[in-house]
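Chain by chain, the residues:
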2 protein chains.
Amino acid sequence: MARDASKPVLTPKMIMDVARDLFVKNGYQQVSMRQIAKELGCSHGALYYHFQSKAELFFALVKEYFVLLEQELNNVLEKDIENLEKLEQCMLGYIKFGLNHQSHYEIMFMLKDDEVRNFINEQPMKVYEKFANALYTLSNKKLQLKDIWSIFISLHGFVSHYLSHVVSYEDIENAAIHHVKFLLKGVC
Amino acid sequence: MARDASKPVLTPKMIMDVARDLFVKNGYQQVSMRQIAKELGCSHGALYYHFQSKAELFFALVKEYFVLLEQELNNVLEKDIENLEKLEQCMLGYIKFGLNHQSHYEIMFMLKDDEVRNFINEQPMKVYEKFANALYTLSNKKLQLKDIWSIFISLHGFVSHYLSHVVSYEDIENAAIHHVKFLLKGVC
DNA sequence: TATTTATTTAACCAGCGGTCAATAAAATGT
DNA sequence: ACATTTTATTGACCGCTGGTTAAATAAATA
């Protein structure tokens, strides 16, 4: 036997959609190519036609997410509102991204696996730098770099706590707003 | 062949001591029963005489760690220092615990896995309540509950960010101290 | 000496990442 | 319409790791 015409043709996108879910639910090491294949209803060999290795498949996913987050940050920065509000919205936007793309967020910032880290590399830091830059400018340089780092980590804490405990950003919007205001209380 | 009288008898404690080290260094998934046995100089089969499974051995350790965290909090609370400093040390102590017992922290507060969660139960919330209570009292009731929650989440953010990026608490002590001071800036 | 306790050894089994020849379906050429 | 080529897919296989178990056996105990 070989191809079965009753099933849709396997595409990289289909594989990535399934892999994304599994990696997020179980982590990189705990997901096997065989599991992914099973979920897709195809053989694991087929995956190797579309991706050279498990690592390559994983990396393809991670790249997507970083682009998406950068876009969302840009959206806020281009808005025509006051700086202080923009600042708040940057922070809220980070939480919103995290909780509305939970699967993405976990892979980008929370998976600890060594092999995975080598792939992801300096990308989280690039996000941070963009974020830090925005905050620094928007605060009229009143925010110190150290404080920005504390803010970033604290936003990460919020997201990572509510991950999987909550369906979407809207569920905890009030808590998020309070958290952001709390973080800005002493500094602006 | 069977027992070798020149070696000390294997005890649960000996196993746990070695397992603890390995789990801390490499994480749950990355440690095998065979590794633990090798380190102990015994056969891997012997471990199953003392523990039913790898999971049981691990959970025995995790339980210890909830006790340990509570003890460390108590240690701070019993110190003879000013309330504000005590407050800071509670927060610092939390970070310290997290980074000096990284793989356990992950299990205690970060793993979403259902099987694990059932074992761990409501213990993280108990920790939080104790923590919240301490902060509330130490601040002379100036800290609001919502703010305490933001602080807790922000400390968690710090720990979870540096997890596996760092060998021990000492590596980032300065950043930790700054973070704590930052969080208290607006409220005390 | 007989029994209980602790330990070793070897095997079992399931799963992994990855490879590859075989093959069926689809696309293409004629 | 048919033949050929290309593309996509399968499933068997390799070497390996690792949790778990059962039989054998040594040491301690009574």
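Residues numbered from 1 in each chain as written. Chains lettered and ligands numbered in written order. Predicted model: local features only at pLDDT ≥ 70, side-chain atom pairs only at ≥ 80, totals over all residues. Heavy atoms only, no water.

The name that an unreviewed UniProt entry assigns to chain A is AcrR family transcriptional regulator, with the source organism given as Ureibacillus thermosphaericus.

S.K.: Outline the interface of chain A and chain B, listing residues and values.
M.R.: Counting from both sides, the interface comprises 28 residues of chain A and, opposite them, 28 residues of chain B. Around 2400 Å² of area is buried between chain A and chain B when both sides are counted, 59% of it from carbon and sulfur atoms. When the buried area of chain A at its contact with chain B is split by residue, Lys112, Ile153 and Phe182 of chain A rank highest and sum to 23% of it. Run the count over chain A and chain B and you get two salt bridges. Measuring nitrogen to oxygen at the nearest pair gives 3.1 Å for the salt bridge that ties lysine 185 of chain A to aspartate 147 of chain B. Viewed at the interface, chain B and chain A are joined by eleven residue pairs in polar contact (both at pLDDT 80 or more). Elements with a contribution of two residues or more to the side of chain A that touches chain B: helix H9 (145-162) and helix H10 (173-185) of chain A. For the side of chain A that touches chain B, the element with the most residues is H9 of chain A, which contributes 13 residues. Considering only residue class, the side of chain A that touches chain B consists of ten nonpolar, 13 polar and five charged. (Contact = heavy atoms within 4.5 Å. Buried area = accessible area lost by both parts, 1.4 Å probe. Salt bridge = Lys/Arg side-chain N within 4 Å of Asp/Glu carboxyl O. Polar contact = N/O pair within 3.5 Å; in protein donor to acceptor, adjacent residues only side chain to side chain. Helix = DSSP H or I, 4+ residues; strand = E, 2+ residues; numbered from the N terminus. Nonpolar A, V, L, I, M, F, W, Y, C, P; charged D, E, K, R; others polar.)

S.K.: Go over the side chain of histidine 156 of chain A with me, naming the residues and quoting the values.
M.R.: Structurally, histidine 156 of chain A is set in helix H9. Among the polar contacts listed, one links the side chain of histidine 156 of chain A to the side chain of serine 160 of chain B, at a separation of 3.1 Å. Ignoring sequence-local partners within four residues, the contact set of histidine 156 of chain A consists of Tyr94, Tyr105, Phe109 and Met110 of chain A together with Gly157, Ser160 and His161 of chain B.

S.K.: Account for the pattern of salt bridges, with residues named and values stated.
M.R.: Summed over all chains, the structure comprises 14 salt bridges over all chains. Between glutamate 64 of chain A and arginine 20 of chain A there is a salt bridge, and its shortest N-O distance comes to 2.6 Å. Placement of glutamate 64 of chain A in helix H4 (residues 54-77) and of arginine 20 of chain A in helix H1 (residues 12-26) is noted, with a sequence separation of 44 residues between them. Residue glutamate 64 of chain A is classed as partly exposed on the basis of its relative accessible area of 35%. Notably, a salt bridge pairs aspartate 17 of chain B with lysine 13 of chain B, separated by 2.8 Å at the nearest N-O pair. Taken as a pair, aspartate 17 of chain B and lysine 13 of chain B lie in helix H1 (residues 12-26) at a separation of four residues, close to a single helical turn. The class of aspartate 17 of chain B is partly exposed, set by a relative accessible area of 29%. What emerges from the salt-bridge pattern is a single network uniting Lys13, Asp17, Arg20 and Glu64 of chain A. (Buried < 20%, exposed > 50% of the residue type's maximum accessible area, 1.4 Å probe, protein only.)

S.K.: Got a sec to walk through the relation of the copies chain A and chain B? Specific residues and values, please.
M.R.: You can overlay chain A on chain B at an RMSD of 2.0 Å; the transform is a turn of 180° with a shift of 1.1 Å along its axis. Interpreted geometrically, this transformation is the action of a two-fold axis. (Least-squares fit on C-alpha atoms with pLDDT ≥ 70 in both.)

S.K.: Which residues make up the environment of lysine 146 of chain A, and what values go with them?
M.R.: Residue and element names in this part refer to chain A. Mapped onto the secondary structure, lysine 146 falls in helix H9. Overall, the relative accessible area of 56% leaves lysine 146 in the exposed class. Sequence-wise, lysine 146 and alanine 132 are 14 residues apart; in three dimensions their C-alpha atoms are separated by 9.9 Å.

S.K.: Break down the nonpolar core for me, citing the residues and quoting the values.
M.R.: Among the nonpolar cores identified, the biggest contains 134 residues, and Ile36 of chain A together with Ile36 of chain B are the most heavily contacted of them. For this core, the element with the highest residue contribution is helix H4 (residues 54-78) of chain B, accounting for eleven residues. When sequence neighbours within four positions are dropped, the list of residues in contact with isoleucine 36 of chain A reads Ile15, Val18, Ala19, Leu22, Phe23, Val31, Leu47 and Leu57 of chain A. (Core = buried A, V, L, I, M, F, W, Y, C linked by side-chain atoms within 4.5 Å.)

S.K.: Tell me what's going on with the UniProt feature "DNA-binding region" (unreviewed entry) in chain A, and back it up with residues and numbers.
M.R.: In the numbering used here, UniProt assigns the "DNA-binding region" (unreviewed entry) feature to residues 32-51 of chain A. The distance separating the terminal C-alpha atoms of residues 32-51 of chain A is 14 Å; by composition the span is 75% helix and 0% strand. (UniProt positions renumbered as here; feature names shortened; annotations may be inferred.)

S.K.: Before we move on, could you go through H4 of chain B and cite the residues and values that matter?
M.R.: Between the first and last C-alpha of H4 of chain B there are 37 Å, a value that for 25 residues agrees with the 36 Å anticipated at 1.5 Å per step. By the burial criterion, the buried members of H4 of chain B are Lys54, Ala55, Leu57, Phe58, Phe59, Leu61, Val62, Tyr65, Phe66, Leu69, Leu73 and Val76 of chain B. (Expected span 1.5 Å × (residues − 1).)

S.K.: Describe the domain arrangement of chain A, listing the residues and the values that go with them.
M.R.: Interface size, as often reported, equals the accessible area lost upon joining of the parts. All names here are of chain A. Parsing chain A into structural domains produces domain 1 (1-51) and domain 2 (62-185). Using C-alpha coordinates to define each centre, domain 1 is positioned 31 Å away from domain 2. Between domain 1 and domain 2, the contact holds seven residues from the first and ten residues from the second. Taken over both partners, the interface formed by domain 1 and domain 2 buries close to 760 Å², and the fraction arising from carbon and sulfur atoms is 59%. When the buried surface of domain 1 facing domain 2 is broken down by residue, Arg20, Val24 and Tyr28 rank first, second and third, together holding 70% of it. Counting the contacts that link domain 1 with domain 2 gives one salt bridge. For the interface between domain 1 and domain 2, the tally reads one residue pair in polar contact (both at pLDDT 80 or more). Residue classes in the side of domain 1 that touches domain 2 are distributed as four nonpolar, two polar and one charged. (Domains from an automatic or database assignment.)

S.K.: Please give an account of the UniProt feature "domain: HTH tetR-type" (unreviewed entry) in chain A that cites residues and values.
M.R.: On the UniProt side, "domain: HTH tetR-type" (unreviewed entry) is annotated at positions that read residues 9-69 of chain A here. The annotated region residues 9-69 of chain A carries 75% helix and 0% strand content, and the separation between its end C-alpha atoms amounts to 30 Å.

S.K.: How would you summarise the environment of leucine 135 of chain A if you had to cite specific residues and measurements?
M.R.: All names here are of chain A. Take leucine 135: it is sitting in helix H8 (residues 123-138). By relative accessible area, leucine 135 is classed as buried at 0%. Look past the residues within four positions of leucine 135 in its chain and what remains in contact with it is Leu87, Cys90, Leu143, Ile148 and Ile151.

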